[in-house]
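Structural overview
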Amino acid sequence: GVFKGCTNLESVVLNEGLESFYGNDFDDCAIQELKIPKSVVAVYGKPHCENFKGFYVDPENEKFCSIDGVLYSKDMKSLQMCPMSYEGEFKVPDGVEYTSSRAFFSCSLITKIVIPDSVWDIGYESFSQCKNLQTIVIGNGVEEIDEGAFEDCEKLDTVVFGTGLKRIKKHAFHNCKALTKVNLPDGISNYSVTLFEGCSNLSELTMPEWMEKHRSDIMEYAHGKK
């Protein structure tokens, strides 16, 4: 939080030789971009700034790269962070295998996410608090949705699950109050009964036959009875 709340700070130069920094160093500043020098090997979180457009990485950096302000690992297998100002539909590039913890946290202007078959894991709170996210299309390669992945996505009303999904962890869709209908794929082998906790308008739930024994528990958590 070194520069947190410096509301007139518009430009920051990160010096060559710097190895790491925290995104919250620049919370509530007026900066629009961060240029990451080749020496940086770790970035901990993104700035919570409404005007922040994204990261731009020195091509010689061996750990990271960026496309349109979005930060990726150098090999493009991990999507690290998306700036909060990104608007509309976001398509995760083919070849990405993992959306990192809180990668899209508080990206409240995104309305639709499309995840390709190359992704196998949606990380912890990856899309948490995307307040205007309405539609998520999950590729067939996704095997796990981590804890709180879509927590507090209040307008999320359409979830298309891929056929490869095996595990959904607790609170994955916590407080997604616009969800009314969910169709879980047959391949699920592990899940938490709290995955839809707080989804108070959920009325239609299709699930594999072996999960039916826990239907009442899942719905009671959804409707606030547990």
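Refer to the preceding data block for the structure.
Residues numbered from 1 in each chain as written. Predicted model: local features only at pLDDT ≥ 70, side-chain atom pairs only at ≥ 80, totals over all residues. Heavy atoms only, no water.

**Digging into the overall build of the chain**
The helix and strand inventory of the chain stands at one helix and 18 strands. In terms of overall size, the chain behaves like a compact globule, its C-alpha atoms giving a radius of gyration of 19 Å where 226 residues would be expected to give roughly 17 Å. Seen through its principal axes, the chain has C-alpha atoms that stretch 60 × 35 × 25 Å. When burial is assessed residue by residue, the chain has 48% of its 226 residues classed as buried. The long-range share in the chain, meaning contacts at least 24 apart out of those at least 6 apart in sequence, stands at 23%. (Helix = DSSP H or I, 4+ residues; strand = E, 2+ residues; numbered from the N terminus. Rg over C-alpha atoms; globule rule 2.2 N^0.38 Å. Buried < 20%, exposed > 50% of the residue type's maximum accessible area, 1.4 Å probe, protein only. Contact = heavy atoms within 4.5 Å.)

**Here we look at unusual backbone geometry**
Although it is not a glycine, Asp152 adopts a positive phi angle of roughly 65°. Counting through the fold element by element, Asp152 comes out in the loop between strand S13 (144-145) and strand S14 (158-160). The phi dihedral of His171 falls on the positive side, at around 60°, and the residue is not glycine.

**Side note on the layout of surface pockets**
Counted as a void, the largest pocket has a volume near 250 Å³. Lining the largest pocket we find 14 residues, and of these Tyr44, Gly45, Lys46, Met81 and Arg102 sit closest to its centre. Only strand S3 (42-44) and strand S7 (78-81) provide two or more residues apiece to the lining of the largest pocket. Among the residues forming the lining of the largest pocket, the class breakdown is five nonpolar, seven polar and two charged. (1 Å grid on protein atoms, 1.4 Å probe; cavity = no way out; pocket = protein on both sides within 12 Å on 5 of 7 lines; lining within 4 Å. Points joined across faces, edges and corners; volume = space filled by probe spheres on them. Nonpolar A, V, L, I, M, F, W, Y, C, P; charged D, E, K, R; others polar.)

**Observations concerning the sheet that holds strand S6 (residues 70-73)**
The mixed open sheet is built from eight strands, whose spatial order is S5-S6-S7-S9-S11-S13-S15-S17. Only two strands of the sheet have a single partner each, and these edge strands are strand S5 (64-67) and strand S17 (190-191). In the sheet, S7 pairs with strand S9 (residues 98-99) via two bridges, with the strands oriented parallel. Counted as the bridge partner of Ser78 is Tyr98 from S9. (Pairing = 2+ DSSP bridges.)

**Quick word on the environment of Asp75**
Within the secondary structure layout, Asp75 lies in the loop between S6 and S7. The spacing of Asp75 and Phe64 is 11 residues in sequence and 7.9 Å in space, taken between C-alpha atoms. Within the structure, Asp75 has its side chain in polar contact with the side chain of Ser73 (distance 2.7 Å). (Polar contact = N/O pair within 3.5 Å; in protein donor to acceptor, adjacent residues only side chain to side chain.)

**Quick notes on the nonpolar core**
One finds Phe104, Ile145, Phe150, Phe173 and Phe196 to be the most contacted residues of the largest nonpolar core, which totals 49 residues. Taken together, the elements giving at least two residues each to this core come down to S6, strand S10 (110-114) and helix H1 (215-222). Sorting elements by how many residues they give to this core places H1 first, with three residues. Apart from residues no more than four positions distant in its own chain, Phe104 is found in contact with Lys46, Leu79, Cys82, Phe90, Ile110, Ile113, Ser126, Phe127, Ser128 and Cys130. Grouped together as the second largest cluster of nonpolar side chains are 17 residues, Leu14, Ile31, Phe52 and Phe64 included. (Core = buried A, V, L, I, M, F, W, Y, C linked by side-chain atoms within 4.5 Å.)

**Focus: the packing of aromatic side chains**
Here the structure, examined in full by the defined rule, presents 13 aromatic pairs. Between Tyr86 and Phe90 the ring centres are 5.0 Å apart and the planes differ by 70°, which places this aromatic pair in the edge-to-face class. A centroid spacing of 5.6 Å and a plane angle of 65° characterise the contact between Tyr191 and Trp210, whose relative ring orientation is edge-to-face. Residue Tyr191 is located in strand S17, and its partner Trp210 is located in the loop between strand S18 (204-206) and H1; the two are separated by 19 residues in the primary sequence. Overall, Tyr191 belongs to the buried group, its relative accessible area being 14%. Taking relative accessible area as the criterion, Trp210 reaches 39% and is therefore assigned partly exposed. Counting every residue linked through ring pairs, the aromatic cluster contains Tyr86, Phe90, Phe104, Phe127, Phe150, Phe161, Phe173 and Phe196. The ring of Phe105 carries Arg102 above its face, with NZ or CZ at 4.3 Å from the centroid. (Phe/Tyr/Trp six-rings, centres within 6.5 Å; stacked < 30°, edge-to-face > 60°. Lys NZ or Arg CZ within 6 Å of the ring centre and 35° of its normal.)

**What to know about the pattern of salt bridges**
Going through the model one piece at a time under the given rule, you end up with 11 salt bridges. Across the pair Glu143 and Arg167 runs a salt bridge whose closest N-O atoms are separated by 3.8 Å. Here Glu143, found in the loop between strand S12 (135-137) and S13, pairs with Arg167, found in strand S15 (residues 167-168); they are 24 residues apart in sequence, far enough to count as distant. For Glu144, the salt bridge identified is with Arg167, shortest N-O distance 2.7 Å. Separated by 23 residues along the polypeptide, Glu144 in strand S13 and Arg167 in strand S15 bring together distant segments of the chain. Take Glu144: its relative accessible area is 12%, and that puts it in the buried class. Classification of Arg167 as partly exposed rests on a relative accessible area of 26%. Among the ionic contacts, a cluster of salt bridges with common partners joins Glu143, Glu144, Asp146, Arg167 and Lys169. (Salt bridge = Lys/Arg side-chain N within 4 Å of Asp/Glu carboxyl O.)

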